[in-house]
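Descriptive structure summary
As a plain string of letters, each chain reads:
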Amino acid sequence: MTNLEDALGEIDVLAAAETTDAATTKSALDDKINEHFAGAVVRKDLVKAVRGNAVVPSYVLEYLLGQYAASDDEATIQAGIDSVRQILATHYVNRNEHMLVKSEIRRKGRHRVIDKVTVTLNEKNDVHEAEFENLQVKGVIIDDVTVKQNPKLLVGGVWCICDIEYFHSDDQRVVPWILGSLKPIQVAGVDIDHYYEARKAFTTDEWIDLLMQSIGLNPEQFEQRGKLIALTRLIPFVERNYNIVELGPKGTGKSHTFSEFSPNGILISGGEVTVAKLFVNNASGRIGLVGYWDCVAFDEFAANRRTDQNLVNVMKNYLANKSFSRGTSIYGAEASMAFIGNTTHTVPYMLKNSDLFDELPDAYRDPAWLDRIHHYLPGWEVAPIRSEMFSAGYGFVVDYLAEVLRAKRSEDFSDKYKDYFTLDNSISTRDQDGIRKTFSGLMKLVHPTGEATADEVRTLLEFAIEGRKRVKDSILRIDATMRDTAVHFRYADKTGVWQDVATREESQYPQLYRRNWDAVPDGEPGDGVPTVIASAPAPESSTASLAAAPDVPAEPAPASLAEGHRDFVAGQRGVSYETLLMPYLRGASKITVTDPYIRMPHQGRNFADLLSLLAAAKDDADEIDVVLVTTEESKTEFKHGQLLMLKSIKDASDAVGVRLAVRLDDTIHDRRIETNHGWRIDLGKGLDIWQKPSDNPFDFGRNRQEFRLIGSAFTVHYVKVPIVPDTEVAQ
């Protein structure tokens, strides 16, 4: 038996999802971009065209495209693509071909390579030595001047274009590899005044779309709020010592910006970092990542359950004061920090049972640590990445924009809102710092000259306030001592009219978001999960229990349900899952669906219909676990489509609290549904009981199952089975 994630790992998901590439058509915005930023922009879909099997960040490819294909002339672009492909074929080192490249260097005596280079200090011999990641060569002597000019070589490594020479010596202690030259892949400099002047030619909406295309996203696929969320990920690159958290479902592109966008940032696994690696090594006195990178991002941060309390303490001080102490010395640094993680629960579930930091390791759920976070990005509002969400338009060559953002780090736009608005005095200094730094970063991105209208400033200020309010409201759930002073996240305009700011989830789930802090005495069981305040008259509130057994159904199955069977004939109408299955499924918290034929699009649609009914029947704050056991399509050309269809269903299902797990088993034959509250439904024909849908797009049967015709006769049996607590169904 194979699960869906393992099966998807064997294919290129995005490549398989794409069909034929449509001809690229330039928009009016593309023409304007090329007119004002000629030579500094590139068509974003070209990265995919030249990547091939080169496992390199996008900024490396865009650097090369910027040299050869930074044009809107189709002939120049095609010639540039050919040149870049030739360069990659000749000079990029594939890890599995490293021995072939070494042999080529030996044969020619000198060869140029594109590889990631990391430098270490050999203290015994008092020399710096370079290690080439893909070429798998180390111990190459590199001169001190080159290291001094490129200090990032010492921490994390840098992608470079290098000339390597080979000279054999009879002395086995001498490495035969000689570094002839080294050039980091990054632009030499930018004309910031030209950047400002060209910005004036764009409206705010056009400029935001240009930035979206620059980070590789299609602005047509995003609403204004989605664009702000995407751009907020860039703030760590433009704002010093900015701390941001983004938690959300898998596959929404949270880490893409930090791994692909900028040569000035580094993405590391949350479990791989140590105090010595991140801050300073006491033994050598060498400063760590924060001393060399503009942004240090921690991937899979929520999954890291093993934490070093000393690291948490040092980080806490750094997040607040931009400094850290190790031994007897105090160091300062300017690196921003981004903490990225996946959520396994829906927002209403977290609001009902815990808080929005629920997924973080316990050591990081310290209110003092959380209070240093300037902004919480709602990753659950971002749709899973699809092929059409990637841009085919023109955008900045990413290292050009990265250098612009680095140049803006020394500026401060945090007070620009004061020309139009005033924050409430109840907002604490730390809360104001978070709001002001987010606002400053967004202003630098969207309005780099600092000039904006009142409405434009209002939009950015409200978004900044919301992100900090999301942090503070979660802290109040965790720490009762911080609830003594009421905080009003609001602002006033010049006329004195106050405007309250609410988070999106606060507006969507008011009955779960607002809490009666006096409902549970501090220190008693249940503290931190106080009673929910109902937004309308309702029965008496009760304290939410975290200790409830997960397999206990939310409600008992209706007593009127009976065992038996129902027969259906071909051509019959009026049959739907709502009447056929849902009476026996309501109240179950775990459901296993076994059906070998969830392969074709209409079969997937049927299964998605069942999941949507389960989602509509449950409370928003509850979650249901559904396991689908089906068979994998044997033909490769159809298997990709099936796996991508199941992934899309899972993404949609997980987002609404029906947590779907898919298992692929080629030995199954039975078709049935089993619940953890005592029912088994034997399905004679499985879920695919209707005739295939017609080609008429307005056929009522497309949206209403009761208008569909039964395909062939079948029987459904309803069987009462013993309830087995704490055991997953059908294991």
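Overview of the structure. (Residues numbered from 1 in each chain as written. Predicted model: local features only at pLDDT ≥ 70, side-chain atom pairs only at ≥ 80, totals over all residues. Heavy atoms only, no water.)

**Observations concerning the sheet that holds strand 25 (residues 672-675)**
Sheet architecture is open: 8 strands sit in the order 1-24-23-22-25-26-27-21, paired in mixed fashion. Sheet topology places strand 1 (2-3) and strand 21 (564-568) at the edges, where each strand pairs with a single neighbour. One ladder, built from 5 bridges, connects strand 21 with strand 27 (residues 714-720); its direction is antiparallel. In the strand pairing of strand 27, His565 is matched with His717. Relative to the sheet, helix 26 (residues 636-654) contacts strand 23 (624-630) and strand 24 (658-664), its axis offset from that of strand 24 by approximately 160°. (Pairing = 2+ DSSP bridges. Helix = DSSP H or I, 4+ residues; strand = E, 2+ residues; numbered from the N terminus. Contact = heavy atoms within 4.5 Å. Axes fitted to C-alpha atoms, helices over the stretch in contact; angles between N-to-C directions.)

**Overview of the sheet that holds strand 18 (residues 498-500)**
Across a sheet, strands are paired by hydrogen bonds formed along the backbone, either parallel or antiparallel in direction. Here we have 3 strands laid out as an open sheet, ordered 16-17-18, and antiparallel in their pairing. Because the sheet does not close on itself, it has two edges, and the strands there are strand 16 (422-423) and strand 18. Sheet analysis places strand 16 next to strand 17 (residues 490-492), joined by 2 bridges and oriented antiparallel. If you follow Thr422 over to strand 17, its bridge partner there is Ala492.

**Thoughts on the nonpolar core**
Residues Phe37, Tyr195, Phe396 and Leu461 are the most contacted members of the largest nonpolar core, which totals 88 residues. Ignoring anything within four residues of it in the chain, the contact list for Tyr195 reads Phe37, Trp207, Phe396, Tyr400, Leu401, Val404 and Pro448. Residues Leu278, Leu289, Trp293 and Phe301 belong to the second largest nonpolar core, which totals 46 residues. (Core = buried A, V, L, I, M, F, W, Y, C linked by side-chain atoms within 4.5 Å. Buried < 20%, exposed > 50% of the residue type's maximum accessible area, 1.4 Å probe, protein only.)

**Considerations on helix 15 (residues 309-321)**
Under the 1.5 Å per step criterion, the end-to-end length of helix 15 is 18 Å for 13 residues, consistent within 8% with the ideal 18 Å. Taken as a whole, helix 15 has its buried residues at Leu311, Val312, Val314, Met315, Lys316, Tyr318 and Leu319. Each element contacted by the buried residues of helix 15 is listed here: strand 8 (243-248), helix 14 (275-278), strand 10 (295-299), strand 11 (323-326), strand 13 (336-342) and helix 17 (367-370). Its side-chain oxygen at 3.0 Å from the backbone nitrogen of Asn310, Asp308 defines the N-terminal cap of helix 15. (Expected span 1.5 Å × (residues − 1). Polar contact = N/O pair within 3.5 Å; in protein donor to acceptor, adjacent residues only side chain to side chain.)

**Some details on the environment of Trp159**
Looking at the secondary structure, you find Trp159 in strand 6 (residues 158-166). Taking relative accessible area as the criterion, Trp159 reaches 7% and is therefore assigned buried. With 25 residues separating them along the chain, Trp159 and Pro184 place their C-alpha atoms 6.1 Å apart. Ignoring any residue separated from it by four or fewer positions in sequence, one finds Trp159 in contact with Val55, Val56, Pro57, Tyr59, Val60, Tyr92, Ile114, Asp115, Lys116, Asn134, Pro184 and Ile185.

**A look at the packing of helix 19 (residues 429-446) against helix 20 (residues 454-478)**
Where helix 19 contacts helix 20, the axes come no closer than 8 Å and their chain directions differ by 140°. The angle between helix 19 and helix 20 falls in the class oblique. As helix 19 runs across helix 20, the sense of the crossing is right-handed. Note on element contacts: helix 20 touches helix 19 through Val457, Leu460, Leu461, Phe463, Ala464, Ile465, Arg468 and Lys472, opposite Arg430, Asp431, Gly434, Ile435, Thr438, Phe439, Leu442 and Met443. Residues that form the contact of helix 19 with helix 20 fall into these classes: 10 nonpolar, 2 polar and 4 charged. (Parallel < 35°, antiparallel > 145°, perpendicular 65-115°, else oblique. Left-handed = near helix turned anticlockwise from the far one by under 90°. Nonpolar A, V, L, I, M, F, W, Y, C, P; charged D, E, K, R; others polar.)

**A look at empty space enclosed by the protein**
Empty space among the atoms becomes visible once a probe the size of a water molecule is rolled across them. Going through the model one piece at a time under the given rule, you end up with 2 cavities of 30 Å³ or more. By volume, the largest cavity amounts to about 40 Å³. Around the largest cavity, the lining residues are Arg233, Ile244, Val245, Glu246, Phe258, Ala338, Phe339, Ile340 and Leu377. For the lining of the largest cavity, the elements supplying multiple residues, two or more each, are strand 8 and strand 13. A class-by-class count of the residues in the lining of the largest cavity yields 7 nonpolar, no polar and 2 charged. Lining the second largest cavity are Leu351, Asp355, Leu356, Arg470, Asp473, Ser474, Arg477 and Tyr513. Across the lining of the second largest cavity, the residue classes break down as 3 nonpolar, 1 polar and 4 charged. (1 Å grid on protein atoms, 1.4 Å probe; cavity = no way out; pocket = protein on both sides within 12 Å on 5 of 7 lines; lining within 4 Å. Points joined across faces, edges and corners; volume = space filled by probe spheres on them.)

**Side note on the environment of Gly341**
Turning to its location among the elements, Gly341 is positioned in strand 13. For the pair Gly341 and Glu300, spaced 41 residues apart in the sequence, the C-alpha separation amounts to 4.7 Å. In this view, Gly341 contacts Glu246, Leu247, Gly248, Lys254, Phe301 and Ala302; residues no more than four positions away in its chain are not counted.

**As for the packing of aromatic side chains**
For any pair of aromatic rings, the description consists of the separation of the ring centres together with the inter-plane angle of the planes. All chains considered together, the criterion is met by 34 aromatic pairs. Between the aromatic rings of Tyr584 and Trp679, the centroid separation amounts to 4.8 Å while the plane-to-plane angle is 80°, which identifies the pairing as edge-to-face. Taken together, the residues Tyr584 in helix 24 (residues 582-585) and Trp679 in strand 26 (residues 679-683) connect sequence positions 95 residues apart. The exposure class of Trp679 is buried, given its relative accessible area of 3%. In this structure an aromatic cluster arises from ring pairing among Phe37, Tyr195, Tyr196, Phe202, Trp207, Phe396 and Tyr400. Seen from the ring of Phe413, Lys416 lies directly overhead, with NZ or CZ sitting 5.3 Å from the centre. (Phe/Tyr/Trp six-rings, centres within 6.5 Å; stacked < 30°, edge-to-face > 60°. Lys NZ or Arg CZ within 6 Å of the ring centre and 35° of its normal.)

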